[in-house]
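Understanding the architecture of this molecule
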Amino acid sequence: VTGVQTCALPIFVLFFHLTLPWDIIGARLTEEARLKGYALGVVKLGPTLGFGASGQGVTLGPLERPVGLPADAPMPAIPIDSVTVRPSLFPMGVHFAAKAFGGEVSGTLSQKGKDTNVVEVHGSNVELARAALKPVVGLDLQGNTHFDVSLSLPADFTKSTGEVKLNGKEWVLNGGTIMGF
């Protein structure tokens, strides 16, 4: 009897995770993003091996037209082919991995102390032209890049610290204007 009880809880947890109403969870995520001023689109959302979620055909952009963006220009959105999000124990927080812009991006979001969030992001083989930076920052960039970003974000963003490392090849700036300048 003890062996059956020991096995029942993990099986229950596994089937609970697999049978979650992923369409309702997707709608809730979309609504939460909207409340924070973002437009989130997800073609398919479902479970991933272990505990976490996997999304296919994800887009994220602003709800309102950015200042300086011409009325006939399409709204900027970040296209992500696929993304997986799962809990992380070391550091305690959330781990994510995505296939986007022809490359791979991964990282963690965690909390340091009471009021500080820590963001670590690593990218490899990211094609700048596919990253659709022009609608977001106003520059038409091309080339391949690898990057590492490490940021400490306290509640007062003016006291944020961090490091951004970029390494690339065949970078080309085809012009553009940085919005707001």
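Reference entry: report on the structure contained in this document. All of these numbers come straight from a predicted model, not from anything done at the bench. (Residues numbered from 1 in each chain as written. Predicted model: local features only at pLDDT ≥ 70, side-chain atom pairs only at ≥ 80, totals over all residues. Heavy atoms only, no water.)

1. A closer look at the overall build of the chain
When its secondary structure is counted, the chain shows 3 helices and 8 strands. Helices and strands in the chain line up, N terminus first, as α-α-β-β-β-β-β-β-α-β-β. Along the longest, intermediate and shortest principal axes, the C-alpha atoms of the chain span 70 × 35 × 35 Å. Taking all 181 residues of the chain together, the buried fraction comes to 25%. Here the contacts in the chain between residues at least 6 apart in sequence split such that 38% fall between residues at least 24 apart. Within the structure as shown, the chain displays about 12300 Å² of accessible surface, and the carbon and sulfur contribution to it stands at 65%. Averaging the coordinates of the 14 positive side-chain charges in the chain and doing the same for the 15 negative ones gives two points 4 Å apart. (Helix = DSSP H or I, 4+ residues; strand = E, 2+ residues; numbered from the N terminus. Buried < 20%, exposed > 50% of the residue type's maximum accessible area, 1.4 Å probe, protein only. Contact = heavy atoms within 4.5 Å. Areas by Shrake-Rupley, 256 points an atom, 1.4 Å probe, with all protein chains shown as cover. Lys, Arg positive; Asp, Glu negative; His and termini not counted. Charge placed at Lys NZ, Arg CZ, Asp CG, Glu CD.)

2. Details of the side chain of Ser88
Here Ser88 is to be found in strand β3 (residues 78-88). Separated by 2.7 Å, the side chain of Ser88 and the backbone oxygen of Pro91 make a polar contact. The residues touching Ser88, leaving out its near neighbours within four places in the chain, are Gly93, Val94, His95 and Thr108. (Polar contact = N/O pair within 3.5 Å; in protein donor to acceptor, adjacent residues only side chain to side chain.)

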